[in-house]
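Chains, contacts and geometry: an overview
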Amino acid sequence: MDKESRKKILEVEEVAMTFGGLMALINIQFNVKEGMVKAIIGPNGAGKSNLVSFFKMLNEMMGGRLKTLHPKLLGGILARRGAHEAEMAAHGLAPIDLVAVISRT
């Protein structure tokens, strides 16, 4: 299978993280496809540990499983009517007012 046709198993878009007003991560974007190996490299203070902590935090909050939503779904859920219309339009988002989770056990 060639690199381009591999299935994405992780896609990160526009991740940002702040600590007390200080931007630790700004607009982080990358993807990982099946069979790929990625590395996070950079000088001290570049935010490598913050990025790993971001994913670790998600993992701990969700019972040991990392779950993701497509950015357009997440954006539609988080957007506020009356405050984010221009930004939603710029990114092609539609507001999502209700989320129903159906679990089949």
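Per an unreviewed UniProt entry, the chain carries the name ABC transporter domain-containing protein and comes from marine sediment metagenome.

What to know about the overall build of the chain
Of the regular secondary structure elements, the chain holds 3 helices and 2 strands. Beginning at the N terminus, the succession of helices and strands in the chain can be written as β-β-α-α-α. For the chain, with 105 residues in total, the buried portion stands at 15%. In the chain, the proportion of contacts linking residues at least 24 apart, taken out of those at least 6 apart, comes to 31%. Within the structure as shown, the chain displays about 8600 Å² of accessible surface, and the carbon and sulfur contribution to it stands at 57%.

Points about the confidence of the model for the chain
The predicted model of the chain averages 76 in pLDDT, with 78% of residues at 70 or higher. The secondary structure element of the chain with the lowest average pLDDT is helix H1 (residues 48-61), at 70, and the one with the highest is helix H3 (residues 85-91), at 87.

A short note on the pairing of strand E1 (residues 8-19)
Summarising the sheet, E1 and strand E2 (residues 22-33) pair through 8 bridges and their orientation is antiparallel. If you follow leucine 10 over to E2, its bridge partner there is valine 32. Here E1 folds back onto E2, and the loop between the two strands holds 2 residues, one of which, glycine 20, carries a positive phi near 55°.

So, a nonpolar patch on the surface
Taken together, the side chains of Leu74, Ile77, Leu78 and Val99 present a nonpolar region at the surface, about 340 Å² in accessible area. Here isoleucine 77 is to be found in helix H2 (residues 71-78).

Some words on the pattern of salt bridges
A full pass over the atoms with the stated rule returns 2 salt bridges. For lysine 8, the salt bridge is made with glutamate 11, and the minimal N-O distance between the two is 3.2 Å. The exposure class of glutamate 11 is partly exposed, given its relative accessible area of 35%.

Regarding unusual backbone geometry
Unlike most non-glycine residues, glutamate 14 shows phi in positive territory, near 55°. Topologically, glutamate 14 is positioned in strand E1. What makes glutamate 14 exposed here is its relative accessible area of 51%. In this structure, asparagine 27 is a non-glycine residue whose phi angle is positive, near 55°. Topologically, asparagine 27 is positioned in strand E2.

Cut-off values and rules
For every chain, the first residue of its written sequence is number 1, and the numbers climb from 1 along that sequence. Totals for whole chains, interfaces and linings use all residues, but because this is a predicted model, local features are given only for residues with pLDDT of at least 70 and pairs of side-chain atoms are given and counted only at 80 or more. For the side-chain quantities, the full set of heavy atoms in the structure was used; hydrogens and water were omitted. Helix and strand assignments follow DSSP, with helices taken as H or I runs no shorter than four residues and strands as E runs no shorter than two, numbered in order from the N terminus. Think of it in three bands: with a 1.4 Å probe and only protein chains considered, a residue is buried below 20% of the maximum accessible area for its type, exposed above 50%, and partly exposed in between. Any pair of residues with heavy atoms lying within 4.5 Å of one another is described as a contacting pair. Computed by Shrake-Rupley with a 1.4 Å probe, the accessible areas treat only the displayed protein chains as cover when residues are assessed. Every residue is assigned a pLDDT by the predictor, reflecting its confidence on a scale from 0 to 100. The rule for pairing is simple: two strands pair if DSSP sees at least two bridges between them. Like charges within 9 Å and nonpolar side chains (Val, Leu, Ile, Met, Phe, Trp, Tyr) within 5 Å are joined into patches, using only residues over 30% in relative accessible area that form no salt bridge. Any Lys or Arg side-chain nitrogen found within 4 Å of a carboxyl oxygen on Asp or Glu counts as a salt bridge.

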